[in-house]
Amino acid sequence: MAFSLKKRSRSKSQACLITDNQNKSLGEVLHRSTKTKKKEKDVFYQKDRISSTADSDLESNIQPTLIKTPVIYRNKCLCDTHHEKQLVEHTYDLTVDRLFDLLFGSNEFVRTYRQAQQFYDDTATEWSKNEITNHRERILTYKVPYESTLIGKSTIVTREKQTLFHEIPGSHYMLETEVSNEGVRYSDTFSLTMRYCLVQMSSTTTNLRVTAQITYTKALNRFIKQIIERNAYSASQEGLKDLNNRLNLIANFKMEQRGLNITETISIVPTTESVCPPNEQSILPVQQQILSPDTHTNTQSSDADKLIYMILFLVGILIFIHIHLAIKLKHVVGLVDNIARLLNNKKII
């Protein structure tokens, strides 16, 4: 019995010891788990902090790239006033730099237009800066055939001075040409000034405005001035009309190309028989239309001119008849006076 009690008491102490050891082990485990959770929590907070810092840096790097400077386009040119005669005002689906190059560049478009206008022996100097005016200038010379009812066939030698007053690529250009002629009667009595105002209205459209004015270098009567102004302005408008048609072909072709690139509804497949690449084949028909010279002749006379010349001829004949009759009438009056004087003398005798 004593042995059993002793054994029981011993087992009780062992049980307490085991319990203490278990509690101690459990405490260590809980302590380790708490420290582990704390470390994991710190690591999580640190990762979150790093992630938030990286996100903020990424936003700060992306933010400037997303902000674009707005492009402000002009709705009119810089000119306060224009010349008295407006020849053209049209908006093309072209950029201002492209339109300027088509008008005043050295390219196939310009050469073909001049051939259509029957310009020959044409030369052009390089653009150079005028040290006095601080503007770029160049000189063009060419010859133009001329045909008139009264004068007949002749050749006009033209000198054209081009001055670039404003030149802001992507925005606007303003250029003036001073045209002087020689070779025909009264051609050295005036000069024609034309102003080209090119303004980009949007990212793809540009407005062209052309105005003109005639400056007389010699004194002329009003009737001759009217004939000069009518012929000079009509000839300029005919040339600009042809130029406008060619520019519209270029602009319409660009619009069709943009439409095809956006929708991608048509694909060009090269064949073994084709010589040109696909892009050149698509451009070729339009280029043939643009580069084909016109067959019309650039004559200054028209039906209105012929009618005016006919009226002038008739007026001249009437004036001549009037003067002739006046002289005859004066002669008859003198004869009547002489006869009357003789009759009076006879009566006196």
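Please read these numbers as outputs of a predicted model, since none were measured by experiment.

Novice: Would you mind going over the overall build of the protein with me for this structure?
Specialist: A tally of helices and strands in the protein yields 6 helices and 8 strands. Expressed as a percentage of the 349 residues in the protein, the buried residues total 26%. Put simply, of all contacts in the protein between residues at least 6 apart along the chain, 60% involve residues at least 24 apart. Carbon together with sulfur atoms contributes 58% to the accessible area of the protein, which is approximately 24800 Å² in total.

Novice: Where do I start with helix H3 (residues 108–116) in this structure?
Specialist: Because an α-helix packs 3.6 residues into every turn, residues spaced three or four apart end up facing the same way. Among all positions in H3, only Phe 109, Val 110, Thr 112, Tyr 113, Arg 114 and Ala 116 are buried. By the N-cap criterion, in which a side-chain oxygen at the helix start approaches the backbone nitrogen of a residue two or three places on, H3 is capped by Asn 107, the distance to Phe 109 being 3.2 Å. Gln 118 sits one or two residues past H3 and shows a positive phi near 65 degrees.

Novice: Would you explain the pairing of strand S7 (residues 190–200) in this entry?
Specialist: Consecutive residues of a regular strand have side chains that alternate between opposite faces of the sheet. Within S7, 11 of the 11 residues are buried, which leaves the element mostly enclosed by the surrounding structure. The two faces of S7 match: Phe 190, Leu 192, Met 194, Tyr 196, Leu 198 and Gln 200 on one face and Ser 191, Thr 193, Arg 195, Cys 197 and Val 199 on the other face are all buried. Note that strand S6 (residues 172–182) and S7 share 9 bridges and pair antiparallel. Residue Tyr 173 lies in a different strand from S7, and its bridge partner there is Leu 198. Relative to strand S8 (residues 206–216), S7 runs antiparallel, the two sharing 11 bridges. Pairing of Arg 195 across the sheet is with Thr 211, part of S8. Taking the residues that link successive antiparallel strands as the turn, the S7-S8 hairpin has 5 residues.

Novice: Teacher, can you tell me more about the UniProt feature "transmembrane region" (unreviewed entry) in the protein here?
Specialist: The positions that UniProt labels "transmembrane region" (unreviewed entry) are, in the present scheme, residues 307–327. Each end of residues 307–327 is marked by a C-alpha atom, and these two atoms are 30 Å apart; helix forms 100% of the span and strand 0%.

Novice: Whenever I open this one, the side chain of Thr 163 confuses me. Can you help?
Specialist: Locating Thr 163 in the fold gives a position in strand S5 (residues 152–168). For Thr 163, the contacting residues outside a window of four places in its chain are His 135, Arg 136, Glu 137, Met 174, Leu 175 and Glu 176.

Novice: Would you mind going over the side chain of Thr 193 with me for this structure?
Specialist: Structurally, Thr 193 can be placed in strand S7. Setting aside residues up to four positions removed in sequence, Thr 193 forms contacts with His 83, Glu 176, Thr 177, Glu 178, Thr 211, Ala 212 and Gln 213.

Novice: Explain the confidence of the model for the protein to me, please; I cannot follow it from the model alone.
Specialist: Reading fine detail from the predicted coordinates is not recommended where pLDDT is low. On average, the protein scores 74 in pLDDT, and the residues at 70 or more come to 63%. Across the protein, the element-wise mean pLDDT spans from 40 in helix H5 (residues 278–291) up to 95 in S7. Note that pLDDT drops below 50 for residues 1–13; the model gives that stretch 0 contacts with residues more than four away or on any other chain. The model gives residues 15–19 a pLDDT under 50, and that stretch makes 0 contacts with residues more than four places away or in other chains.

Novice: I would appreciate a short explanation of the pattern of salt bridges in the present structure.
Specialist: Between side chains of opposite charge, a pair can form when the charged atoms approach closely. Summed over the entire model, instances satisfying the criterion amount to 8 salt bridges. In this structure, Glu 167 and Arg 136 form a salt bridge, with 2.8 Å as the shortest nitrogen-oxygen distance. Of this pair, Glu 167 sits in strand S5 while Arg 136 sits in strand S4 (residues 136–148); the two residues are 31 residues apart in sequence, bridging distant segments of the chain. Residue class for Arg 136 comes out partly exposed when judged on its relative accessible area of 29%.

Novice: Explain unusual backbone geometry here, please?
Specialist: Excluding glycine, residues mostly have negative phi values, and the peptide bonds linking residues are mostly trans. Not every positive phi belongs to a glycine, and Asn 134 is a case in point at roughly 65 degrees. Following the sequence through the fold, Asn 134 ends up in the loop between strand S3 (128–129) and S4. Positive phi, close to 70 degrees, is recorded for Tyr 186, a residue that is not glycine. Within the secondary structure, Tyr 186 sits in the loop between S6 and S7.

Novice: Even after reading the chapter, I still don't get the nonpolar core, so can you show me in this structure?
Specialist: Most often, soluble globular proteins have nonpolar side chains that are buried together. Among the nonpolar cores identified, the biggest contains 34 residues, and Tyr 196 and Leu 198 are the most heavily contacted of them. Those elements that place two or more of their residues in this core are strand S1 (85–92), helix H2 (96–104), H3, S6, S7, S8 and helix H4 (222–263). For this core, the element with the most residues is H4, which contributes 9 residues. With near-sequence residues (within four places) excluded, Tyr 196 lies in contact with Phe 104, Tyr 173, Met 174, Leu 175, Thr 177, Leu 208, Arg 209, Val 210 and Leu 240. By size, the runner-up hydrophobic cluster in this structure holds 5 residues, among which are Cys 77, Met 174, Cys 197 and Val 199.

Novice: Mind showing me how you'd approach the packing of aromatic side chains here?
Specialist: Two aromatic rings, taken as a pair, are described by how far apart their centres are and by the angle between their planes. Evaluated as defined, the whole model comprises 4 aromatic pairs. Plain terms: the ring middles of Phe 104 and Tyr 196 are 5.2 Å apart, the flat faces sit at 90 degrees to each other, and that makes the pair edge-to-face. Remark: Tyr 196 occurs in strand S7 and Phe 104 occurs in helix H2; sequence separation between them is 92 residues. Of the two residues, Phe 104 and Tyr 196, both sit in the buried class. An aromatic cluster is defined as three or more aromatic residues linked by ring pairs; in this entry it consists of Phe 100, Phe 104, Tyr 173 and Tyr 196. The cationic tip of Lys 225 hangs over the ring face of Tyr 216; the distance from NZ or CZ to the ring centre is 4.9 Å.

Conventions we followed
Residues numbered from 1 in each chain as written. Predicted model: local features only at pLDDT ≥ 70, side-chain atom pairs only at ≥ 80, totals over all residues. Heavy atoms only, no water. Helix = DSSP H or I, 4+ residues; strand = E, 2+ residues; numbered from the N terminus. Buried < 20%, exposed > 50% of the residue type's maximum accessible area, 1.4 Å probe, protein only. Contact = heavy atoms within 4.5 Å. Areas by Shrake-Rupley, 256 points an atom, 1.4 Å probe, with all protein chains shown as cover. Polar contact = N/O pair within 3.5 Å; in protein donor to acceptor, adjacent residues only side chain to side chain. Pairing = 2+ DSSP bridges. UniProt positions renumbered as here; feature names shortened; annotations may be inferred. pLDDT = per-residue confidence, 0-100. Salt bridge = Lys/Arg side-chain N within 4 Å of Asp/Glu carboxyl O. Core = buried A, V, L, I, M, F, W, Y, C linked by side-chain atoms within 4.5 Å. Phe/Tyr/Trp six-rings, centres within 6.5 Å; stacked < 30°, edge-to-face > 60°. Lys NZ or Arg CZ within 6 Å of the ring centre and 35° of its normal.

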